[in-house]
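Below are the chains, spelled out letter by letter.
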Amino acid sequence: VQEEKIFAGKVLRLHVCTMEGAEWLEEVPEDTTVEKLKERCLKHCVPGSLEDPKTVTHHKLIHATSEKVLTDTKTVLEENIQDRDVLLLIKKRAPPPLPKMADVSAEEKRKQEQKAPDKDAILKATANLPSRNVDRTVAHHNMRDFQTELRKILVSLIEVAQKLLALNPDAVELFKKANAMLDEDEEDRVDEIALRQLTEMGFPESRAVKALRLNHMSVTQAMEWLIEHADDPTVDAPLPGQTPSEATAEAGASSAEETAGPSSEAGGEEAKDELTEIFKKIRRKREFRPDPRAVIALMEMGFDEKEVVDALRVNNNQQNAACEWLLGDRKPSPEDLDKGIDTNSPLFQAILENPVVQLGLTNPKTLLAFEDMLENPLNSTQWMNDPETGPVMLQISRIFQTLNRT
């Protein structure tokens, strides 16, 4: 008996298939390399193919079950091939032909033409253009200055409009109607249908109202918030900046002023006092309301509630800007928001001398627009598009831009 047969490994019977549909059994010891197995398979299915040494390298064996390409240098045992496994003999795809030098040059040229110019090319192309140094930080600063200055302008124009409207005999009735319209403010109301859906699920009404206000009246988001904060000990705490005591006091003050009626003084003084009271009520209704979500998020960072409300007021309820304000120099300060513009300044004089502005200041709607934009700057777009107040705001903007350039 030959020695190699005594110490030969286990013989495996493998089922081999080709893409052309040929099938057969190969019996090989488990220590046979994949390359040797591939040669045996090629002899069986492609007679005379081994005369070309590239034939072996141009084919591959694949394990059908695992879809793994077998490595030529490994043995059948190392590739974990078992008895009666199925192998696929497949010819490899021919590599794509190398591009011709002319094609390579054309492709490179096309890429260079489509490539964006670098810094040197830009400087060379713009060398003869006049330089205009525009610092982005300065531009941003000027934009912020415009917003600050516009607020000061509105504060001073409100005082002028109140004095002019106090002379209008119909002003009291007009502002009573305006005050009634403000009572219908959407922001103070809660969607009754959404509230009923949450209360029918078993959530307390006060807690459901808080969840809806925090989630912009979305029932789904409010429900998720309620479930998430079910075990939170502060879940029933009033929203920051909207405490029940304040709401009650405001409601009491409004009802007291409404039932107080006109004073016992002369007719002119009565109208003036009543108009002043209406102005106060309108101003109270337009008081700044901080975004509850932003307040909670900033307070969780360690800031005091009053500081957070001030930051949101200065930065128009924008959380990121408010955070930067709290971490920075805190300018402008909340007190600066209530200061008017210098009445002797050329800017203010030019605004008051404008005929469109003069006519607009006698319109009660203009005063309401100024009050609204003062406390809710995000509503300025609405008033800019209004046919009555839009022309006034446009003239104010044009005058400011003209004098700011000189």
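About the thresholds
- Residues numbered from 1 in each chain as written.
- Predicted model: local features only at pLDDT ≥ 70, side-chain atom pairs only at ≥ 80, totals over all residues.
- Heavy atoms only, no water.
- UniProt positions renumbered as here; feature names shortened; annotations may be inferred.
- Helix = DSSP H or I, 4+ residues; strand = E, 2+ residues; numbered from the N terminus.
- Buried < 20%, exposed > 50% of the residue type's maximum accessible area, 1.4 Å probe, protein only.
- Contact = heavy atoms within 4.5 Å.
- Areas by Shrake-Rupley, 256 points an atom, 1.4 Å probe, with all protein chains shown as cover.
- Arc of directions from axis to C-beta.
- Pairing = 2+ DSSP bridges.
- Axes fitted to C-alpha atoms, helices over the stretch in contact; angles between N-to-C directions.
- Parallel < 35°, antiparallel > 145°, perpendicular 65-115°, else oblique.
- Left-handed = near helix turned anticlockwise from the far one by under 90°.
- Nonpolar A, V, L, I, M, F, W, Y, C, P; charged D, E, K, R; others polar.

For the chain, the name recorded in an unreviewed UniProt entry is Ubiquitin-associated domain-containing protein 1, with Calonectris borealis as its organism. The annotation that UniProt attaches to the chain under Pathway (unreviewed entry) is "Protein modification; protein ubiquitination."

(A) Structural context of the overall build of the chain. A tally of helices and strands in the chain yields 20 helices and 5 strands. Residue burial in the chain is summarised as follows: out of 406 residues, 32% are buried. Within the chain, contacts between residues at least 6 apart in sequence are counted, and of these 58% link residues at least 24 apart. Of the roughly 26600 Å² of accessible surface on the chain, 53% is carried by carbon and sulfur atoms.

(B) Looking closely at unusual backbone geometry. Of note in the backbone geometry, Glu-67 takes a positive phi value of approximately 60° without being a glycine. Looking at the secondary structure, you find Glu-67 in the loop between strand S3 (59-63) and strand S4 (68-69). The backbone of Asn-80 shows a phi angle near 60°, a positive value even though the residue is not glycine. Relative to the helices and strands, Asn-80 resides in the loop between S4 and strand S5 (86-91).

(C) Just helix H15 (residues 319-327), in detail. Taken as a whole, H15 has its buried residues at Ala-322, Cys-323, Trp-325 and Leu-326. For H15, the buried positions fall inside an angular range of 160° around the axis, keeping them on one side. Looking at H15, the residues exposed on the side facing more than 90 degrees away from the buried face are Asn-320, Glu-324 and Leu-327.

(D) Summary view of the pairing of strand S2 (residues 23-29). Covered by surrounding structure in S2 are Trp-24, Glu-26 and Val-28 only, the residues Glu-23, Leu-25, Glu-27 and Pro-29 on the alternate face being uncovered. Both strand S1 (residues 11-18) and S2 contribute to a ladder of 7 bridges, which runs antiparallel. Across the sheet, the residue bridging to Cys-17 is Glu-23, located in S2. Here S1 folds back onto S2, and the loop between the two strands holds 4 residues, one of which, Gly-21, carries a positive phi near 105°.

(E) The pairing of S5, seen in detail. Sheet topology places S1 next to S5; 4 bridges connect them, and they run parallel. Bridged to Val-16 within S5 is Leu-87.

(F) View of the packing of helix H9 (residues 205-214) against helix H10 (residues 219-228). The N-to-C vectors of H9 and H10 enclose an angle of 120°; their axes lie 8 Å apart at closest approach. Judged on the interaxial angle alone, H10 and H9 are oblique. Judged by the sense of rotation from one axis to the other, the crossing of H9 with H10 is right-handed. Every residue of H10 that contacts H9 at Arg-207, Ala-208, Lys-210, Ala-211, Leu-212 and Leu-214 is listed here: Val-219, Ala-222, Trp-225 and Leu-226. Here the contact of H9 with H10 is composed, by residue class, of 8 nonpolar, no polar and 2 charged.

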